[in-house]
Amino acid sequence: MSAPAIEATGLVKHYGETVALGGLDLEVPVGTVLGMLGPNGAGKTTAVRILTTLLRPDAGRATVAGFDVAEDADRVRSRIGLTGQYAAVDEHLTGHENVTMVGRLSGLGKAQARARADELLDRFGLADAAHRATKGYSGGMRRRLDLAASLVASPDIVFLDEPTTGLDPASRLGLWEVIREVVALGTTVLLTTQYLEEADSLADEILVIDQGREIALGTATKLKADVGGETVAVELVDTSRLEDARAALVGVAGGEVWVDERQGRLSFPAHGDAGRLAATVRALDGAGIAVADLSLRRPSLDDVFLNLTGRAASEAAADAATPTEASVA
């Protein structure tokens, strides 16, 4: 078997008394996508910055494309592409000039850099805007341009740090297609994201981290299976009564009831008992709580996150960034 494209053991990073990474391990086989999932402050960006040689770990070791990120930083940089949380484009240059410039800085000749810019802008649907100043580009166009620039030197490994943050749903789906094209060409991808559906759609394996540590690792199917069977999901007419509903449903659930305050929803494992739906209605009716929607559904990655952290990903992602991430944003 070939060596992993990315491998890290015991990565530790502190910012003062704040633990950004507390001994993180990860491994990404060649030609696959690892989705690193977690809320703001989980340590995702810190991990990416260490793996792309922008930051030195306080402890631990990592290799990318077979090279140590601390001892062989130049060799690592020559083999990777990086798209950060914010599109790194020069607004005063055209899209073509931006990509060509990155190609030249990556060591390509003038003609080769221009040819690669033509190829990538066409592939990513930016050919018509190639010779327009990027200050007029939409958010989705900027993200696609940033990804094109990260690929201009044909890197073996690409790091995508929350590449779709702030995009509208249509732009996000469009960028997903671009990422799939990149992976189909054999590129290895490490993708950090706050979006559960993004990890579910793109990643071969998902690493869930929180507070700088791994809390789960596996395929989306495995992580969902670990949660259990089907889930009872309840939405209330009056979301101010979520805690009342939780208390009323503890007996029905036979254990913990998860509360997603932002979605105004409660959920708990059905344990194969369809009769829990009727029992849920009776319990809430007895407490004088009106139900807007009640369903029996298969586990999602949101259920995984709730089960692992005790909070919904939508709630965690909306929390203000801690110094762990804010200090390196």
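Note that the structure is predicted; figures quoted are calculated from it, not measured. (Residues numbered from 1 in each chain as written. Predicted model: local features only at pLDDT ≥ 70, side-chain atom pairs only at ≥ 80, totals over all residues. Heavy atoms only, no water.)

The subject of this paragraph is the overall build of the protein chain. When you go through the protein chain residue by residue, the secondary structure sums to 13 helices and 14 strands. In terms of overall dimensions, the protein chain has C-alpha extents of about 75 × 45 × 40 Å along its principal axes. Taking all 329 residues of the protein chain together, the buried fraction comes to 48%. Of the contacts formed within the protein chain by residues at least 6 apart in sequence, a portion of 69% connects residues at least 24 apart. (Helix = DSSP H or I, 4+ residues; strand = E, 2+ residues; numbered from the N terminus. Buried < 20%, exposed > 50% of the residue type's maximum accessible area, 1.4 Å probe, protein only. Contact = heavy atoms within 4.5 Å.)

Moving on, we get to the sheet that holds strand β2 (residues 18–28). The antiparallel open sheet is built from 4 strands, whose spatial order is β2-β1-β4-β5. Of all strands in the sheet, those bounded by a partner on one side alone are β2 and β5 (67–68). Across 8 bridges, strand β1 (residues 6–15) lies against β2 in antiparallel orientation. Paired with Tyr15 across the strands is Thr18, a residue of β2. (Pairing = 2+ DSSP bridges.)

Here we take up the pattern of salt bridges. Close approach of charged atoms allows side chains of opposite charge to pair. Taken as a whole and assessed by the stated rule, the structure comprises 12 salt bridges. Across the salt bridge formed by Asp68 and Arg61, the nearest N and O atoms sit 3.1 Å from each other. Given the relative accessible area of 8%, Asp68 is considered buried. With relative accessibility at 52%, the residue Arg61 sits in the exposed group. (Salt bridge = Lys/Arg side-chain N within 4 Å of Asp/Glu carboxyl O.)

Attention now moves to the domain arrangement of the protein chain. Segmentation of the protein chain into domains returns domain 1 (6–224) and domain 2 (227–325). Each of domain 1 and domain 2 was reduced to a C-alpha centroid, and the two centroids are 34 Å apart. (Domains from an automatic or database assignment.)

Bringing the sheet that holds strand β12 (residues 258–260) into the picture now. Strands sit in the order β12-β13-β11-β14 across an open sheet of 4 strands; the sheet is antiparallel. The open sheet has two free edges, formed respectively by β12 and β14 (291–297), since each of these has just one partner strand. When the angles between neighbouring strand axes are averaged without regard to direction, this sheet yields 20°. Direction of pairing for strand β11 (residues 231–236) relative to β14: antiparallel, over a ladder of 6 bridges. Directly across from Val234, in β14, lies its bridge partner Leu294. Packed onto the sheet, helix α9 (residues 242–253) meets β11, β12 and β13 (265–269) and runs at close to 15° relative to β13. (Axes fitted to C-alpha atoms, helices over the stretch in contact; angles between N-to-C directions.)

Positive phi, normally seen in glycine, also occurs at Thr53, with a value near 70°. Examined against the element boundaries, Thr53 turns out to sit in the loop between α1 (44–51) and β4 (59–64). On the accessibility criterion, Thr53 (12% relative accessible area) is buried. Even without a glycine there, the phi angle at Glu162 is positive, about 50°. Its place among the elements puts Glu162 in the loop between β7 (157–161) and α6 (169–184).

What follows concerns the nonpolar core. Val99, Phe124, Leu147 and Ile206 are the most contacted members of the largest nonpolar core, which has 45 residues in total. Per element, the largest residue contribution to this core is 6 residues, and it comes from α6. Excluding its chain neighbours within four sequence positions, the residues that come into contact with Phe124 are Arg144, Leu147, Ala148, Leu151, Val178 and Val182. (Core = buried A, V, L, I, M, F, W, Y, C linked by side-chain atoms within 4.5 Å.)

As a further point, take the packing of aromatic side chains. Inspection of the entire model under this criterion finds 0 aromatic pairs. Its end group placed over the ring of Tyr195, Arg172 keeps NZ or CZ at 3.9 Å from the ring centre. (Phe/Tyr/Trp six-rings, centres within 6.5 Å; stacked < 30°, edge-to-face > 60°. Lys NZ or Arg CZ within 6 Å of the ring centre and 35° of its normal.)

Here the focus is the side chain of Arg276. Position of Arg276 among the secondary structure elements: in helix α10 (residues 275–286). Those residues within four positions of Arg276 in sequence are excluded, and the remaining contacts are Val232, Val252, Ala253, Gly254, Phe268, Pro269, Ala270 and His271.

This part covers the environment of Leu147. Tracing the backbone through its elements, the reader meets Leu147 in helix α5 (residues 139–151). Remark: the alpha-carbon pair of Leu147 and Thr221, spanning 74 residues in sequence, is separated by 28 Å. The residues touching Leu147, leaving out its near neighbours within four places in the chain, are Thr83, Phe124, Val158, Leu160, Leu175, Val178 and Ile179.

Let's shift gears to the confidence of the model for the protein chain. Of all residues in the protein chain, 91% have pLDDT values of 70 or greater, and the mean over the chain is 86. Note that residues 319–329 has pLDDT below 50 and, in this model, 28 contacts with residues that lie over four places away or in other chains. (pLDDT = per-residue confidence, 0-100.)

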